[in-house]
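# An overview of the molecular structure
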Amino acid sequence: MLQNYIPILILFLLAAGFGLGVVVISMFLGPRRPDPSKLSTYECGMEVEPGARQRFDVKYYLVFMAFLVFDVEVVFMYPWAVRFQKLGLFGFVEMLIFLLILLVGYVYIWRKGVLEWE
Amino acid sequence: MLDLIWLIPFFPMVGAIVNGLFGRRLPKGVVHTVACGSIFLSFLVSAGAFFALKALPPAERVFEQVLFEWIAFGSTTINLGYLLDPLSCVMILVVTGVGFLIHVYSVGYMSHDPGYARYFTYLNLFCFAMLTLVLGNNFLVMFVGWEGVGLCSYLLIGFWFEDAAKAAAGMKAFIVNRIGDFGFLIGMFLIFWVFGTLDFRTVMAQAPGALVVGGGIVTAITLFLFVGATGKSAQIPLYVWLPDAMAGPNPVSALIHAATMVTAGVYMIGRCNVLFSMAPVSMTVVATIGALTALFAGTIAITQNDIKKVLAYSTVSQLGYMFTAMGVGAYVAGIFHLMTHAFFKACLFLGSGSVIHGMHEEQDMRKMGGLRKHMPHTYWTFLIATIAIAGIPPLAGFFSKDEILWKAWSGGYKFQWFLGFAAAGITAFYMFRLVFMTFFGKERFDPEEVHVHESPRSMTVPLWVLAGLSVVGGWVGIPAALGGANNFHHWLAPVLDPAAVTETTHAAAPDLDGLLGVRTAYASEGAGHAEAPEGHGAAVGAEGGAEHHDPTEYVLMFLSVAYALLGILVAYFAYLLKPDLPGKVAAKAKGLYELLYNKYFVDEIYQAVFVEGTLALATFFWAFWDVVVIDGIVNGTGYVVRSLGGGLRLLQTGKVQAYAMTVLLGAVVLVAYYAVVAAF
Amino acid sequence: MNFQMADLQLLAPHIVVLATALLVLLAEAFCKGERKGYLAYLGIAGIVVAALLTPRLFGPQRLGFSGMLAGDGFAAFFYFILYAVGILTLLVSQNYLRDERFEHGEYYALVLLALVGMMLMAGATHLMVVFLALETMSIAIYALAGYFRTERSVEASLKYFILGGFASGFLLYGIALIYGACGTTQIYDVMAYFKALPALTSSPMALAGIGLLTVGFGFKVAAVPFHAWTPDVYQGAPTSVTAFMATGVKAAAFSAFLRVFVVAFQGTHVEWSGVLWVLALLTMTLGNLTAIAQTDVKRMLAYSSIAHAGYLLVGLVVGTPEASSAMMVYLLAYAFMNIGAFACVIMVGRYGQENTSLDAYAGIGFRFPALGLAMAVFMFSMAGIPPTAGFIGKFLIFKAAVHEGYYWLTILGVLNSAASVYYYLRVIITMYFKPSPDEPAVDGLRVGPSAALATVLAGVGVLYLGIIPGGIIKLAEQAVRFMG
């Protein structure tokens with residue numbers, strides 16, 4: 001049974017070998033003449049903000065988390081929508097309950113002021 | 001009505017809880033209303049249960065109520081349930097009835113005590129435990145009550161624990177009782193081992209089939225149970241706690257040492273009569289120990305000067321009678337004496353309490369005398385109870401004591417009869433010595449200094465009630481020989497009728513002339529009763545056997561009454577007519593007097609042999625075995641374990657990576673193991 | 001999707017608790033004021049309603065939602081354990097949070113949400129539902145562990161989260177392998193499959209799946225060697241949450257552990273019982289030995305909770321209905337005694353000062369007799385001394401083990417339990433026989449009515465189970481019979 005997985009193993013080895021190979025080859029072949037602008041972090045051509053360990057406003061996290069939850073919600077609704085006709089009333093009610101629970105969360109974060117930026 | 005029997009222990013329990021939790025904050029009126037009220041309600045329910053039980057045909061007078069399943073393991077379940085039959089019915093009536101009177105009496109007696117609520121809490125708790133003991137439907141429930149009364153007696157005897165001697169008396173009672181309890185426990189284990197159950201009715205029903213009459217097992221069981229009974233009911237050799245237990249408040253002495261706790265052993269043997277009847281050896285032991293105790297304690301009582309001590313030894317002696325009855329197979333007579341004794345001994349204890357109260361805590365009879373004039377109520381009630389205990393007809397004590405002696409004689413236990421008979425006269429002597437020294441003669445105290453006063457109504461009314469019961473209490477069991485119906489016997493016959501099993505017991509004892517007559521009387525009584533459940537007249541008619549009665553019975557009756565009167569006369573002569581005579585006699589027979597006065601030095605012997613011996617052994621075990629051997633091993637183990645623990649603690653680095661690593665390693669090992677399992 | 005309205009009956013308790021959680025959340029959002037302690041009582045009311053709906057489930061097994069959720073005595077019994085845990089936790093927390101100035105409704109909502117997850121674990125008859133329920137429970141618990149936002153609390157939360165995620169991965173992988181081997185993840189189907197195909201008992205895929213599931217469950221019940229998180233997390237988390245974790249999570253995890261192993265994998269009992277034998281022994285021994293070395297009561301209780309998981313694993317090793325019912329009684333007993341003990345620990349502390357070091361307990365038995373008595377009762381129960389619930393639990397488990405001939409495991413378990421007496425009694429000895437210092441760390445107790453009530457309830461539970469356990473034992477035996 002395990003033989004069936006040999007192609008996958010080969011693929012895995014190939015992928016790893018290719019990635020490693022490119023890095024190793026470029027190490028040997030590529031010319032290296034570092035200067036300050038080359039060593040700096042690439043930030044779309046903008047002036048580099050100092051320090052990666054900078055503090056972020058906690059609001060970023062909150063909004064991001066809220067976004068993530070509702071994002072996933074929509075992902076969940078896609079397959080549901082595809083099968084909507086088959087699922088019938090049961091599916092409809094179930095989705096309503098699901099949305100209701102999410103709505104409670106939404107109302108909660110709204111009341112708590114997560115959505116207000118200032 | 002019968003469904004309500006769970007209420008009987010329930011009320012005192014509620015009373016104890018209420019007074020125990022809130023008593024300190026409640027006014028005294030509420031405290032004693034709760035305490036007395038709860039026990040009175042129990043009495044009402046008991047009375048109702050009695051009548052309900054009486055309405056049933058004799059063969060059906062058993063009622064079992066299972067409250068809930070208590071312990072279940074494997075196929076064995078032990079229920080918490082109550083068993084009401086004629087025997088336990090008598091017991092609950094005595095406990096709640098006499099108990100109630102004592103509660104009422106306590107209201108007056110303890111009125112100035114700072115521990116008022118605590119006292120009533122213990123008292124109610126005690127009644128709860130005692131009722132559990134007598135109502136329990138299996139050995140374990142009985143044991144709970146058994147231990148409960150032990151605990152409560154410890155609390156009540158040491159009630160005035162500020163006094164070290166009184167606290168020590170409480171401890172002595174507890175420890176001596178524990179020794180007896182140990183025997184009871186072993187007996188219980190044996191029963192469980194043999195029968196696989198502790199249920200009374202199952203055990204008693206299966207006993208004839210499961211055990212060999214006179215076999216080693218049944219003898220062992222009954223002897224161990226009897227060891228338990230000697231502890232609780234103060235028999236040789238475990239009686240030593242009871243005289244010391246007089247340290248408690250007087251009503252406590254009346255409740256514990258007259259009416260309830262000490263009778264537990266007698267009750268228990270009655271409850272197990274089927275087992276005891278199957279073990280002739282045990283029966284002989286019980287009868288002999290009982291009769292010896294009766295005489296032994298009686299002789300000690302002669303020389304005591306403390307009014308309560310006299311009563312204490314008298315109690316031990318009377319309990320001896322009950323055990324004699326149990327031992328000769330006259331269970332009904334034993335329970336009968338238990339009941340009448342509860343009446344007159346409670347009356348005596350309460351009366352002595354009234355005296356002590358009136359004399360301002362004086363207990364030495366040598367400092368009393370002539371109290372007749374000062375305390376008429378106490379005097380009369382005390383006198384009535386004394387006549388009752390002395391065995392003068394037609395008071396209660398006569399019937400019950402005489403029945404015991406007759407059964408001992410007719411059952412062939414001549415030796416035990418002789419001991420009991422000897423003790424009977426001594427009883428009359430020392431009791432009247434007590435009465436004469438206390439109530440008659442000149443006042444041996446200064447009336448100017450000690451203002452003797454009669455006790456309040458709450459104390460005298462219970463005294464009169466008990467005195468009344470001491471008079472009439474015996475009439476329910478007037479023997480057929482005196483033309484009575486012996487209703488008491490008919491009532492208890494379904495539980496205690498030994499007819500089915502006495503064959504063997506009596507076969508073991510030498511046969512006697514009287515035996516046949518008694519056996520016939522038994523049979524005809526039983527038959528007469530079965531035909532006419534309520535008709536006492538019919539029972540007497542059916543008995544029709546007055547001519548069967550051995551003339552010996554009348555001779556013995558006459559002898560014991562005459563002997564008792566003689567005892568009274570001697571007491572009268574020695575303590576009223578020639579008050580200096582006892583001193584002379586004591587001086588003449590100094591050795592004997594010293595022996596009796598010091599209670600045969602039993603306490604000293606126990607102290608030297610058991611207490612000192614145990615201490616010496618304990619010191620050895622402590623100093624060598626414990627400190628050197630055990631502690632060495634334990635400390636060594638502990639040291640190893642602790643250092644191991646300390647080492648393991650280092651594994652807890654607090655680093656998540658390390659923790660994840662252990663999880664991963666564990667997973668790898670597990671999966672690898674399974675891979676190996678799968679491979680092979 | 002063959003859904004019937006009757007299925008809702010199986011889910012009714014969960015729905016009620018979930019609805020209560022949402023209600024609490026909304027109440028937190030809309031009600032004014034900073035102090036929302038009263039929301040705990042709303043939560044308790046919800047649990048009580050759920051409890052009223054539960055007895056109907058007690059009976060022969062009914063499966064609903066396409067065989068994903070069971071309504072049976074087994075589930076119902078666990079629901080009641082969890083209700084007890086939930087109510088006691090809410091009561092204890094109410095007092096504690098007020099004192100710590102953290103009275104927010106979210107806390108109660110999270111407790112209730114975790115409770116829903118736990119209940120689903122107990123009722124789940126499908127490995128996916130088990131996983132989802134476990135995650136529902138865990139995520140709420142992660143948040144609760146870090147609720148105080150102190151450094152220790154957050155550290156505890158993060159550690160639990162990272163390692164919990166790690167362990168969930170193993171669990172999920174195990175489920176996948178079982179699916180691979182059996183083609184189903186419905187527990188009763190898996191059982192039937194193992195029965196129908198005896199060759200499966202030596203299939204590497206199935207056995208590896210069982211091994212990985214062992215890792216996942218072992219992590220949640222804190223079995224050695226998957227226990228490493230336990231002391232740090234238990235010590236760092238708010239004490240009320242620790243109590244909740246130690247009792248609720250353990251009960252829920254064991255309920256799923258039981259149903260999955262004793263039912264689904266009963267065909268491979270020979271294979272997995274050996275592994276669990278070793279785990280049980282390691283868990284008891286390591287938990288007890290390390291607990292002996294602790295000087296902090298909270299941390300000691302954390303190790304003791306590992307040890308108790310070990311005793312419970314003994315029941316799992318045995319795997320008979322008798323052992324399963326013994327574990328259920330044990331878990332109920334454990335819920336009472338452990339929450340009670342933690343309630344006492346909370347009462348000894350005060351704002352900003354937890355006072356969990358053993359030295360703080362010196363002499364408090366006499367200064368606070370009621371607290372001393374309660375703590376003593378709980379310690380005696382944990383040590384397994386009659387007449388307490390702990391004794392009954394241990395007795396039943398070891399009895400079941402002896403019946404199946406696991407003599408060595410029983411002997412080692414009893415030895416372990418004897419060793420544990422040392423550190424439980426040390427608390428009592430410190431309370432009663434060590435003189436209190438001149439300036440005691442504990443100068444007063446934080447006792448509110450709710451914490452006092454919780455302690456009393458727990459104490460009554462411990463003594464009730466210890467003195468008249470007959471009814472509960474019988475109930476547990478019936479419950480197991482309905483497990484199928």
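Residues numbered from 1 in each chain as written. Chains lettered and ligands numbered in written order. Predicted model: local features only at pLDDT ≥ 70, side-chain atom pairs only at ≥ 80, totals over all residues.

### Things to note about the overall build of chain B
A count of helices and strands for chain B gives 29 helices and 2 strands. For chain B, the proportion of contacts with a sequence separation of at least 24, taken over those separated by at least 6, is 80%. (Helix = DSSP H or I, 4+ residues; strand = E, 2+ residues; numbered from the N terminus. Contact = placed C-beta atoms within 7 Å.)

### Observations regarding the overall build of chain A
The number of helices and strands found in chain A is 4 helices and 0 strands. Reading chain A from its N end, one meets helices and strands in the order α-α-α-α. Burial statistics for chain A: of 118 residues in total, 0% are counted as buried. (Buried ≥ 20, exposed ≤ 12 C-beta atoms within 10 Å, placed from the backbone.)

### Details of the environment of B:Gly468
Relative to the assigned elements, B:Gly468 resides in helix α20 (residues 457-472). Separated by 87 residues in the primary sequence, B:Gly468 and B:Thr381 place their C-alpha atoms 8.4 Å from one another.

### Comments concerning helix α8 (residues 204-221) of chain C
Residue and element names in this part refer to chain C. Over its 18 residues, α8 runs 25 Å from end to end, which matches the ideal 26 Å to within 8%, given 1.5 Å per residue. Within α8, 16 of the 18 residues are buried, leaving the element largely enclosed by the surrounding structure. Once α8 ends, the next one or two residues include Ala222, with phi positive near 65°. (Expected span 1.5 Å × (residues − 1).)

### Side note on the interface of chain C and chain B
Residue-level contacts link 36 residues of chain C with 30 residues of chain B. Of all the secondary structure elements, the ones that give two or more residues to the side of chain C that touches chain B are α6 (151-182), α8, α9 (229-236), α11 (269-292) and α19 (470-481) of chain C. Top contributing element to the side of chain C that touches chain B by residue count: α8(C), with 9 residues. Its residues assigned to classes, the side of chain C that touches chain B shows 25 nonpolar, 7 polar and 4 charged. (Nonpolar A, V, L, I, M, F, W, Y, C, P; charged D, E, K, R; others polar.)

### Comments concerning the interface of chain A and chain C
Contacts between the two partners involve 8 residues from chain A and, on the opposite side, 7 residues from chain C. Residues of the side of chain A that touches chain C, tallied by class, amount to 6 nonpolar, no polar and 2 charged.

### A few points about unusual backbone geometry
Apart from glycine, the bulk of residues carry a negative phi angle, and the bulk of peptide bonds sit in the trans form. The omega angle of the peptide bond from B:Ile236 to B:Pro237 is 5°, so this bond is cis rather than trans. Within the secondary structure, B:Pro237 sits in the loop between α8 (216-232) and α9 (241-244). The phi torsion at C:Phe65 lies on the positive side, around 55°, for a residue other than glycine. Tracing the backbone shows C:Phe65 in the loop between β1 (62-64) and β2 (69-71). Backbone geometry places C:Ala222, a non-glycine residue, at a positive phi of 65°.

### As for the packing of helix α10 (residues 239-264) of chain C against helix α12 (residues 297-318) of chain C
Residue and element names in this part refer to chain C. The geometry of α10 relative to α12 is characterised by a closest axis approach of 12 Å and an angle of 15° between their N-to-C directions. Overall, the two elements α10 and α12 adopt an arrangement that is roughly parallel. In this structure, α10 meets α12 at a crossing whose hand is right-handed. Here Thr239, Thr242, Ala246, Lys250, Phe254, Phe257, Leu258 and Phe261 of α10 lie close against α12, whose contacting residues are Lys298, Ser305, Ala309, Leu312 and Leu316. Residue classes in the contact of α10 with α12 are distributed as 8 nonpolar, 3 polar and 2 charged. (Axes fitted to C-alpha atoms, helices over the stretch in contact; angles between N-to-C directions. Parallel < 35°, antiparallel > 145°, perpendicular 65-115°, else oblique. Left-handed = near helix turned anticlockwise from the far one by under 90°.)

### Regarding the packing of helix α15 (residues 331-358) of chain B against helix α17 (residues 376-390) of chain B
A pair of packed helices can be characterised by two numbers: the angle between their axes and the separation between those axes. Residues and elements named next belong to chain B. Closest axis-to-axis distance for the α15/α17 pair is 9 Å, and the angle between their directions is 145°. Our pair here, α15 against α17, has a crossing hand that is left-handed. Of the residues in α17, those touching α15 at Phe344, Cys347, Leu348, Gly351, Ser354 and Val355 are Thr378, Thr381, Phe382, Ala385, Ala388 and Ile389. In the contact of α15 with α17, the residues fall into 8 nonpolar, 4 polar and no charged.

### Brief notes about the confidence of the model for chain B
In regions of low pLDDT, the predicted coordinates are not meant to be interpreted in detail. All names here are of chain B. Averaged over every residue, the pLDDT of chain B is 81; residues scoring 70 or more account for 90%. Contacts for the low-pLDDT stretch residues 500-547, under 50 throughout, to residues beyond four places or in other chains number 72 contacts. Predicted as a complex, the structure gets a pTM of 0.66 and an ipTM equal to 0.86. (pLDDT = per-residue confidence, 0-100.)

### Considering the environment of C:Val345
All names here are of chain C. Relative to the helices and strands, Val345 resides in helix α13 (residues 321-348). Spatially, the C-alpha atoms of Val345 and Ser240 are 9.5 Å apart, while their sequence positions differ by 105 residues. Once you skip the residues sitting within four places of it in the chain, Val345 turns out to touch Thr239, Val297, Lys298 and Thr356.

### A look at α8(B)
Under the 1.5 Å per step criterion, the end-to-end length of α8(B) is 24 Å for 17 residues, consistent within 8% with the ideal 24 Å. Counting buried positions along α8(B) gives 13 out of 17 residues, so the element sits mostly inside the fold.

### Some thoughts on the confidence of the model for chain A
In this model, chain A carries an average pLDDT of 84, and 92% of its residues clear a pLDDT of 70 or more. Within chain A, helix α1 (residues 6-29) of chain A carries the highest mean pLDDT (90), whereas helix α2 (residues 36-39) of chain A carries the lowest (76).

### Examining the environment of B:Ala167
On the secondary structure map, B:Ala167 appears in helix α6 (residues 164-195). Placed 80 residues apart in sequence, B:Ala167 and B:Ala247 show a C-alpha to C-alpha distance of 8.4 Å.

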